[in-house]
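# Reading the structure
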Amino acid sequence: MAKRVAQLLPPLERRLSRLGERLRAARLRRRLPAKLVAERAGMTVTTLRAVEHGGMGVTIGAYAAVLHVLGLDGDIDAVAEVDPLGRDLQDASLPRRARQKSESR
């Protein structure tokens, strides 16, 4: 039975494709053969090729493993680190502090 792959919007597909291209370029700059990177990342060369092509059906763990092998996994820390929209939404839904009634003496 084939796995279902969620359909992504074209802009996201293009981003994944560009990410794959950058990962491939990083591997080639390091002069690392695909077989070695795949082996170190714990995947098949076929999966590495899918990563390098920005495959939609590839797990985020596979992308992370390739980033790690290439020494680029520190970049993962930047993902969603700054989230202005999320912060605005969070702040907008914070309950207002109720005024405390002053006690009569």
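Before going into details, it helps to say that this report is about the structure given with it. Since the model is a prediction, treat every value here as computed from it, not as a measurement.

## Some details on the overall build of the protein chain
Each helix and strand in the protein chain was counted, giving five helices and zero strands. Counting across all 105 residues of the protein chain, residues that qualify as buried make up 23%. When contacts within the protein chain are restricted to residue pairs at least 6 apart in sequence, long-range pairs at least 24 apart make up 53% of them.

## Points about the pattern of salt bridges
Applying the stated criterion across every chain yields a total of three salt bridges. The partner of R24 in a salt bridge is E52, and the shortest N-O contact between them spans 3.9 Å. Of the two residues, R24 is situated in helix α1 (residues 10-29) and E52 in helix α3 (residues 45-52); the sequence distance between them amounts to 28 residues. Overall, R24 belongs to the partly exposed group, its relative accessible area being 40%. Using a relative accessible area of 4% as the deciding quantity, one classes E52 as buried. Of the charged contacts in the structure, one is a salt bridge between E52 and R49, with a shortest N-O distance of 3.5 Å. With E52 and R49 both in helix α3 and three residues apart, this pair spans about one turn of that helix. For R49, a relative accessible area of 35% gives the class partly exposed. Put simply, R24, R27, R49 and E52 are held in one network by salt bridges that share partners.

## Notes on the environment of G20
Along the chain, G20 falls in helix α1. It is 8.8 Å that separates the C-alpha atoms of G20 and R49, two residues lying 29 residues apart in sequence. With sequence-adjacent residues up to four places away left out, G20 is seen in contact with V51, E52, H53 and G54.

About the thresholds
- Residues numbered from 1 in each chain as written.
- Predicted model: local features only at pLDDT ≥ 70, side-chain atom pairs only at ≥ 80, totals over all residues.
- Heavy atoms only, no water.
- Helix = DSSP H or I, 4+ residues; strand = E, 2+ residues; numbered from the N terminus.
- Buried < 20%, exposed > 50% of the residue type's maximum accessible area, 1.4 Å probe, protein only.
- Contact = heavy atoms within 4.5 Å.
- Salt bridge = Lys/Arg side-chain N within 4 Å of Asp/Glu carboxyl O.

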